[in-house]
Each structure stands twice: as structure tokens, then as C-alpha cells.
Amino acid sequence: MLRTEKKTLLEDTGAETAVTHMIFFIAAMVLAISVVVLVSGNVQSMVASSSASSKIVSEQMRTDITIVNDPEIIPYDNVSGKYTFYAKNTGKTELAPEYVTVLVDGILLEPASVDAALTDGDVVWRPGDILQLNVTTTPSPLDEGDHRVLVAADNGKSGAMSFKT
């Protein structure tokens, strides 16, 4: 009788090596795909933040504010206790007057202490327009001497002026 030897898959050392190599190959592919997904997510996040940052810098470069008061004569209303400052949009961007921040002598004035109105009655502060700022300071009136006013737009660009009372 003829006897044939049957080798099973487990007894075949060539098959064991092939299966082991296949498992390692699949594991390496899964690991590589995971790394690619994580890295591409981080790259996309960095590109998005870089784009937003460059947009802000570009807007700041096109924005400019100049205070056009005479620093020797700042209008003050004794009845209401308010100083009047005039700020001109000398940049190339439109600004929102309701988001303007005013500091006097480095002290941030509350929005309730600042009445901002455009001299032409518009609601958008366009390039070339003058914004009238009636501000209540603490103390009111300011002590006699040198002071400083700073007017800042919502994107951080500002204009400042030293004045005397």
C-alpha cells in the first residue's frame, strides 16, 4: 500500500513564516494609516489657524485710527461732565463704532462711559469718517496736567494722543 504523507498547514514551516509576515504587514499598514490620519489632522489645524492669523494681520495692516483733536484744547462739557474726542478712520477698512475701546491715562473706560457717534450719522465707520467720542472720565474733570487718550478698534489697532487739561 502506498502511503502519502499529508502535511498540515501547522506542520509546514513555510506557511508559518508567510502567516507571520502577513500579520506584521497588516499591523504595519494599520499603524501607518493611523499616523497619516493624525498628522494630516494636525496639519489641517495648523493651516486653518495660520490662515485666520494672516487674515487678522492683514486687516490690522489696513486699519489705522488718528485722533484729530487739538491737544491743547480738548472740549469739555461742564454740565454733562464729558470730554469730546474726534477719531478719524485713516485706514482702508470699515469699522464698527460700537466695538471701539477707549482708554484715558491707561484706564479702560466702561462702554456706558463712552458715547460714540459718527458725525455723518452713519452706522459704519468708513475710511475718512470721523467718530465723535463723548467720554466720562474718573475723576471728572481730569486733574490739570498731561494726559493720554487711546482709541482702539475691535481688531486691536489703535490711535493715541497726549493732551493737556
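All values derive from a computational prediction rather than experimental measurement. (Residues numbered from 1 in each chain as written. Predicted model: local features only at pLDDT ≥ 70, side-chain atom pairs only at ≥ 80, totals over all residues. Heavy atoms only, no water.)

**Points about the pairing of strand β3 (residues 82-89)**
A regular strand places its side chains so that they alternate between the two faces of the sheet. Among the eight residues that make up β3, six are buried, leaving the element largely enclosed by the rest of the structure. Examined bridge by bridge, strand β1 (residues 65-67) and β3 share three bridges and lie antiparallel to one another. Paired with I67 across the two strands is A87, which belongs to β3. Inspection of the sheet shows strand β2 (residues 76-77) paired to β3 by two bridges, in the antiparallel sense. Note on β3: the bridge partner recorded for D77 is K82. (Buried < 20%, exposed > 50% of the residue type's maximum accessible area, 1.4 Å probe, protein only. Helix = DSSP H or I, 4+ residues; strand = E, 2+ residues; numbered from the N terminus. Pairing = 2+ DSSP bridges.)

**Focus on a nonpolar patch on the surface**
On the surface, V19, M22, I23, F25, I26, M29 and V30 cluster together to form a nonpolar patch covering roughly 670 Å² of accessible area. Within the secondary structure layout, F25 lies in helix α1 (residues 13-62). (Patch = residues over 30% accessible without salt bridge, like charges linked within 9 Å, V, L, I, M, F, W, Y side chains within 5 Å. Areas by Shrake-Rupley, 256 points an atom, 1.4 Å probe, with all protein chains shown as cover. Salt bridge = Lys/Arg side-chain N within 4 Å of Asp/Glu carboxyl O.)

**Brief notes about the pattern of salt bridges**
Following the criterion strictly, the structure yields four salt bridges and no others. Of the charged contacts in the structure, one is a salt bridge between E94 and R126, with a shortest N-O distance of 3.6 Å. Separated by 32 residues along the polypeptide, E94 in the loop between β3 and β4 (101-104) and R126 in the loop between β6 (114-118) and β7 (130-136) bring together distant segments of the chain. The exposure class of R126 is partly exposed, given its relative accessible area of 33%. A salt bridge links D146 to K164, with the nearest nitrogen and oxygen atoms 3.6 Å apart.

**Regarding the confidence of the model for the chain**
Residues of the chain with pLDDT of at least 70 account for 92%, and the chain-wide mean is 87. Averaged pLDDT values for the elements of the chain fall to 84 in α1 and rise to 96 in β4. (pLDDT = per-residue confidence, 0-100.)

**Overview of the packing of aromatic side chains**
Inspection of the entire model under this criterion finds three aromatic pairs. When the centroid spacing of 4.5 Å and the interplanar angle of 45 degrees are considered together, the rings of Y76 and Y83 count as tilted. An aromatic cluster of three or more residues is present, and its members are Y76, Y83, F85 and F163. (Phe/Tyr/Trp six-rings, centres within 6.5 Å; stacked < 30°, edge-to-face > 60°.)

**Regarding the nonpolar core**
F85, V102, W125, L133, V135 and V149 are the most contacted members of the largest nonpolar core, which totals 23 residues. Of all elements in the fold, only β1, β3, β4, β6, β7, β8 (146-152) and β9 (158-164) reach the threshold of two or more residues within this core. If we ignore the near neighbours within four places in the chain, the residues touching V102 are I107, L108, L109, V114, L133, V135, V149 and L150. (Core = buried A, V, L, I, M, F, W, Y, C linked by side-chain atoms within 4.5 Å. Contact = heavy atoms within 4.5 Å.)

**Structural notes on the sheet that holds β9**
Ordered in space as β5-β4-β8-β9, the four strands form an open sheet in which the pairing is antiparallel. In this open sheet, the two edge strands, each paired with only one partner strand, are β5 (107-108) and β9. Here two bridges tie β4 to β5, and the two strands are oriented antiparallel to one another. Directly across from L103, in β5, lies its bridge partner L108.

**Regarding the side chain of T84**
With respect to the helices and strands, T84 occurs in strand β3. The exposure class of T84 is buried, given its relative accessible area of 11%.

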